[in-house]
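# Understanding the architecture of this molecule
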Amino acid sequence: MSELLGKGIRMLVQISMPQEQIRQIQALAPQMRIDQLKRSDARYYEALREAHIVVGWPRVEDLPQAGNLRWLQIAGAGANRYVDVLPSHVILTNASGVFGIPIAEHVFAMMLAFTRGIPQALDAAKRSAWLGYMTLGELFGSTCGIVGLGDIGTEVARRAKAFGMRVIAVKRTLGIKPECVDELRDASELDWLLESSDHVVVTLPGTVHTTNMIDAGRLSLMRPGSYIYNIGRGSVIDESALIQALREGRPAGAGLDVFADEPLPVESDLWRLPNVIITPHVAGSTPQHGARLAQIVMRNLPRFLAGQPLENLVDRYWGY
């Protein structure tokens with residue numbers, strides 16, 4: 001990218017990022033101009049038109065104005081909205097590695113809530129009702145099945161192992177099995193995972209390849225008393241099939257942070273099912289987001305300037 005250096009390279013940062021990290025990025029390329037602007041700022045579109053690098057979530061409809069764009073670093077893992085609209089010469093990287101910790105903690109907040117009867121206790125407390133004896137469960141000794149063993153899935157696996165759970169997982173591309181995973185199989189073994197798990201954690205992005213991957217037939221494979229958690233994308237699980245399965249008690253409950261339509265429509269039956277925990281697509285929310293994303297930018301910026309391959313490169317076929 002040496003030709004950019006002579007023109008005066010520019011970066012647009014759309015998201016909140018600590019100034020200390022902005023200074024560190026600047027130190028890697030002192031000649032680069034960095035604009036940190038929101039879409040509502042007066043100078044935003046001027047900066048977008050001139051930017052060679054954009055960090056954040058530019059709207060797809062605004063991208064035709066980004067005529068100088070050479071590298072888009074998105075702020076999340078799933079890049080499906082961009083893969084078909086970005087010109088082939090624009091490098092696309094995602095934020096894999098940023099969300100594993102907060103999302104894994106979110107998953108376990110839901111797991112523990114179900115196994116220890118927290119929703120029932122909170123509901124009773126609102127009514128000043130003393131429940132007395134409650135039949136509760138444990139995570140220890142149960143099986144955690146993880147669908148998609150990327151950064152988020154691996155962080156879930158580490159915590160599951162710490163709780164004394166057996167950990168199994170399926171993954172599209174098999175690699176070295178982490179020590180925190182007891183058994184790893186390829187994605188064709190999804191049915192085996194559903195049949196074998198007490199807690200199923202779905203971490204997949206929403207792509208044409210994952211839409212309704214978990215349908216009525218696959219939900220019927222789950223064990224009585226098992227739970228499913230979706231923190232990937234709502235399109236991965238057939239929502240109408242899930243509602244029916246939850247009414248029938250198989251699975252026994254669902255912890256959902258993502259939905260087919262967001263915000264979740266008020267008429268959705270998911271709001272009224274007693275065995276569902278709903279959070280509004282916030283599992284990845286953390287004050288460390290900007291600082292962690294900056295670390296990816298700082299590792300990749302020297303590579304970009306040197307014309308070398310970047311880490312977190314999105315496979316445009318798979319969408320992540």
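Residues numbered from 1 in each chain as written. Predicted model: local features only at pLDDT ≥ 70, side-chain atom pairs only at ≥ 80, totals over all residues. Heavy atoms only, no water.

## Focus: helix α11 (residues 289–305)
Quick note on the threshold: Helix and strand definitions here come from DSSP, where helices need a minimum of 4 consecutive H or I residues and strands a minimum of 2 consecutive E residues; each element is numbered from the N-terminal end. The span expected for a helix works out to 1.5 Å for each residue beyond the first. Relative accessibility under 20% of the residue-type maximum defines a buried residue, over 50% an exposed one, and the middle range a partly exposed one, all with a 1.4 Å probe and only protein chains included.
Spanning 17 residues, α11 covers 24 Å between terminal C-alpha atoms, matching the ideal 24 Å at 1.5 Å per step. Of all 17 residues in α11, 12 are buried; the element is thus mostly enclosed. Among the residues of α11, those classed as buried are H289, G290, A291, L293, A294, I296, V297, M298, N300, L301, F304 and L305. Positive phi appears at G307, one or two residues downstream of α11, with a value of about 75°.

## Concerning the layout of surface pockets
For clarity, the threshold we go by: Cavity means a closed set of points on a 1 Å grid over the protein atoms alone, one where a 1.4 Å probe fits but cannot get out, pocket means an open set with protein on both sides within 12 Å along at least 5 of 7 lines, and lining means a residue has an atom within 4 Å of a point. Grid points are joined across faces, edges and corners, and a volume is the space filled by probe spheres set on the points. Three residue categories are used. Nonpolar comprises Ala, Val, Leu, Ile, Met, Phe, Trp, Tyr, Cys and Pro, charged comprises Asp, Glu, Lys and Arg, and polar comprises the others, including Gly.
What the largest pocket holds in volume is close to 1,200 Å³. If you go around the largest pocket, you meet 48 residues; those closest to its centre are A77, G78, I152, T203 and P205. Element by element, the count of residues in the lining of the largest pocket is highest for helix α7 (residues 151–162), at three residues. Tallied by class, residues from the lining of the largest pocket come to 21 nonpolar, 20 polar and seven charged. Looking at side-chain class alone, the lining of the second largest pocket contains four nonpolar, nine polar and two charged residues.

## What to know about empty space enclosed by the protein
The final tally for this structure, using the stated rule, is one cavity of 30 Å³ or more. By volume, the largest cavity is sized at about 50 Å³. Looking at the largest cavity, the residues that line it are N230, G234, I237, E239, L242, L256, V258, F259 and L270. Residue classes in the lining of the largest cavity are distributed as six nonpolar, two polar and one charged.

## Side note on the pairing of strand β2 (residues 33–36)
Worth spelling out the cut-off: The criterion for strand pairing is that DSSP finds at least two bridges linking the strands in question. For crossovers, right-handed means that the path from the first strand over the helix to the second runs clockwise, given strands pointing away from the viewer.
Inspection of the sheet shows strand β1 (residues 10–13) paired to β2 by four bridges, in the parallel sense. Paired with L12 across the two strands is D35, which belongs to β2. Between the parallel pair β1 and β2, the chain is carried across by helix α2 (residues 19–28), and the sense of this crossover is right-handed.

## Topic: the packing of aromatic side chains
To describe a pair of aromatic rings, you give the distance between the ring centres and the angle between the ring planes. Applied cut-off: Working definition: rings of Phe, Tyr and Trp (its six-membered ring) pair if their centres are within 6.5 Å, and the pair is stacked with planes under 30 degrees apart, edge-to-face with planes over 60 apart, and tilted otherwise.
Under the defined criterion, the tally for this structure stands at seven aromatic pairs. Ring geometry for Y44 and Y45: centres 5.1 Å apart, planes at 85°, overall edge-to-face. With relative accessibility at 0%, the residue Y44 sits in the buried group. By relative accessible area, which is 25% here, Y45 ends up partly exposed. Here the aromatic rings of F114 and Y227 are separated by 4.7 Å at their centres, their planes lie at 25°, and the arrangement is stacked. A residue pair is termed long-range when its members are at least 10 positions apart, and F114 in helix α5 (residues 100–115) and Y227 in strand β10 (residues 227–230) qualify at 113 residues. Relative accessible area serves as the criterion here: at 12%, F114 is assigned to the buried category. Its relative accessible area of 17% is what places Y227 among the buried residues. Every member of this aromatic cluster is reached through a ring pair, and the members are F114, Y227 and Y229.

## Thoughts on the environment of G100
Here is the rule we go by: Contacts are assigned to residue pairs with any non-hydrogen atoms lying within 4.5 Å of each other.
Secondary-structure assignment places G100 in helix α5. Expressed as a C-alpha distance, the spacing of G100 and D151, which sit 51 residues apart in the sequence, is 5.4 Å. In this structure G100 touches D151, I152 and E155, once residues within four positions along its chain are discounted.

## Brief notes about the sheet that holds β1
Short version of the rule: In this analysis, axes come from line fits to C-alpha atoms, helices being fitted only over the stretch in contact, and the angle between any two N-to-C directions falls in the range 0 to 180 degrees.
Pairing in this open sheet of five strands is parallel, and the strands run β2-β1-β3-β4-β5 from one edge to the other. Because the sheet does not close on itself, it has two edges, and the strands there are β2 and β5 (91–93). Each strand axis lies, on average, 15° off the axis of its neighbour in the sheet, ignoring direction. Pairing analysis gives three bridges linking strand β4 (residues 71–74) to β5, with the strands arranged parallel. Counterpart to Q73 in the pairing with β5 is T93. α11 rests against β1, β3 (53–56), β4 and β5 of the sheet, and its axis sits at about 160° to β4.

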